[in-house]
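Survey of secondary and tertiary structure
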Amino acid sequence: MKVELLELKENRVRFLLKGVSAAFANGIRRAALAEVPNLAIDEIALYDNTSVLFDEQLALRLGLVPITAEDPSVFSLPEECQCGGAGCPGCRLDFMVTVEGPGMVYSRDIKFTDPSVRPVVDTIPLVVLGEGEKVVIEGYATLGVARSHAKWNAGTLCGYKNLPKIEIGPECNGCGKCIAECARNILVLEAERIKVTDPLNCSLCKLCVRACETGAVKVEPVLDCFVLSIEGDGSVKARDMVWMATSEIRKRAEYLGNWLAEFA
Ligand SMILES: [Zn+2]
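Residues numbered from 1 in each chain as written. Predicted model: local features only at pLDDT ≥ 70, side-chain atom pairs only at ≥ 80, totals over all residues. Heavy atoms only, no water.

Some words on the overall build of the protein
Note the following rule: Strands here mean DSSP runs of E at least two residues long; helices mean DSSP runs of H or I at least four residues long; both are numbered from the N terminus. Each radius of gyration is computed over the set of C-alpha atoms, and the globule rule expresses the reference value as 2.2 Å times the number of residues to the power 0.38. For this analysis, residues touch if any pair of their heavy atoms sits within 4.5 Å. Reported accessibility uses the Shrake-Rupley method at a 1.4 Å probe radius. Residues are deemed covered only where the shown protein chains occlude them. Two residue types count as positive, namely Lys and Arg, and two as negative, namely Asp and Glu; His and chain ends fall outside the count. Working definition for charges: the position is that of NZ of Lys, CZ of Arg, CG of Asp or CD of Glu.
When helices and strands are counted, the protein shows five helices and 14 strands. Relative to the globule expectation of 18 Å for 264 residues, the C-alpha radius of gyration of the protein, 25 Å, shows a markedly less compact shape. For the protein, the spread of C-alpha atoms along the principal axes amounts to about 75 × 65 × 25 Å. Sequence separation of at least 24 residues holds for 70% of the intrachain contacts in the protein that already meet a minimum separation of 6. Within the structure as shown, the protein displays about 15,000 Å² of accessible surface, and the carbon and sulfur contribution to it stands at 53%. Separation of charge centres in the protein, based on 29 positive and 36 negative side chains, amounts to 9 Å.

The following block contains the structure:
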């Protein structure tokens, strides 16, 4: 297996995996979506809610606010915490929301006791308060994985595709019909010949193949080579998401290997 990094940003990573099966590439995608520990508001107590929203709706909105920490590795999953899941500063991150109308309650109004913990984005609207309306909420966030609830989903857009292989044969007469058809704009005309500018951006739709009257354009997927794209909501760095997802796969593979060895 070979790995080639194509793009690395805070919230997005794109890389090439060569010499693997589709099941392996999909395993990384699924682990990034479902197995990466992430913070989310887990329980709340509403002391006051005179807004137009029901308590449950407010709770749902709070649960979906992406939460981040400067160093998430200092926190434990409640089931793995030294407190045994009873609740301690190592696994429960307390917060308060106290806002009085008129005005909008934003995610920035979620104030955590731990200053290293905060919502990823400050301006997520939660509820509009009219004159004299008020919300007073107390609660805590915990680490969790999206396998047990979607609110812990750190990965938003995680996907893969086969690496496209595009060939322009000698039959090409430079008519340019394929250029007009390409939705990704990756074909250009150079010296009366079609040239591919960015083959990685090809979506394998093959509209260019259909448009070519001379049969010069050939587009095929490379079956053991995949372009993986892992994008998160900002609560966990994309680089860490890939690391944690692959570590989880390795851990499970080792567990399975050890288990099978007992029967060998
Ligand atoms: Zn604990």
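Now, onward.
Some words on the coordination of the zinc ion
Short version of the rule: Donor criterion used throughout: N, O or S atom within 2.8 Å of the metal, extended to 3.2 Å for Na, K and Ca. Water excluded; incomplete-looking sites may result. Under this scheme a four-donor centre is tetrahedral when all angles range from 85 to 135 degrees, a four-donor centre is square planar and a six-donor centre octahedral when opposite donors are above 155 degrees with the rest from 65 to 115, and any other centre is irregular. Throughout, exposure labels follow a simple rule: accessible area from a 1.4 Å probe, protein chains only, divided by the maximum for the residue type, with under 20% read as buried, over 50% as exposed, and the rest as partly exposed.
Summarising the metal site, the zinc ion is bound by the protein donors Cys81 (SG), Cys83 (SG), Cys88 (SG) and Cys91 (SG), whose distances to it range over 2.2 to 2.3 Å. For the zinc ion, the four donor atoms in the first shell make angles of 98 to 119 degrees at the metal, a pattern classed as tetrahedral. Each donor residue of the zinc ion lies on the same chain, and together they follow the pattern C-x1-C-x4-C-x2-C. Residue cysteine 81 is located in the loop between strand E4 (67-69) and strand E5 (93-100), and its partner cysteine 91 is located in the loop between E4 and E5; the two are separated by 10 residues in the primary sequence. For the pair shown, cysteine 81 and cysteine 91 are each scored as buried.

A word on the nonpolar core
Put simply, the test is: Think of a nonpolar core as a cluster: buried Ala, Val, Leu, Ile, Met, Phe, Trp, Tyr and Cys residues, connected wherever their side-chain atoms sit within 4.5 Å.
Ranked by size, the top nonpolar core spans 25 residues in total, and within it Val97, Val105, Ile110, Phe112, Val117 and Val135 carry the most contacts. Elements supplying a minimum of two residues to this core: strand E3 (38-49), helix H2 (55-63), E4, E5, strand E9 (125-129) and strand E10 (134-144). Setting aside anything within four residues of it in sequence, one finds valine 117 in contact with Leu39, Ile67, Thr68, Ala69, Phe75, Leu93 and Phe112. In terms of nonpolar packing, the next biggest core, distinct from the first, is built from 19 residues, Ala25, Ile28, Ala154 and Ile230 among them.

A short note on helix H5 (residues 238-261)
Here is the rule we go by: By this rule the span expected of a helix is its residue count minus one, scaled by 1.5 Å.
Given a rise of 1.5 Å per residue, 24 residues ought to cover 34 Å, and the 35 Å separating the end C-alpha atoms of H5 matches this to within 8%. Residues of H5 that are buried: Ala238, Met241, Val242, Ala245 and Glu248. Packing partners of the buried residues in H5 comprise strand E2 (12-18), helix H1 (22-34), strand E11 (155-168) and strand E14 (217-232).

Considerations on the side chain of asparagine 49
The condition that has to hold: Residues adjacent in sequence count toward polar contacts only when both atoms are side-chain atoms; beyond that, a polar contact is any pair of N or O atoms within 3.5 Å, and within protein one must be able to donate a hydrogen and the other to accept it.
Tracing the sequence through the fold places asparagine 49 in strand E3. Assessed through its relative accessible area of 18%, asparagine 49 is described here as buried. Among the polar contacts listed, one links the side chain of asparagine 49 to the side chain of serine 51, at a separation of 2.7 Å. Separated by 3.1 Å, the side chain of asparagine 49 and the backbone oxygen of leucine 53 make a polar contact. Discounting residues that sit within four places of it in the chain, asparagine 49 has contacts with Phe54, Asp55, Leu58, Lys134 and Val135.

Considerations on H2
The following threshold applies: This arc is taken over the directions from the axis of the helix to the C-beta atoms.
What H2 keeps buried is the set Leu58, Leu62 and Gly63. Each buried residue of H2 lies within a common arc of 135 degrees when the element is viewed along its axis, so the set occupies one face. For H2, the exposed residues set more than 90 degrees away from the buried face come down to Glu56 and Leu60. Where H2 is buried, its residues touch E3, E9 and E10.

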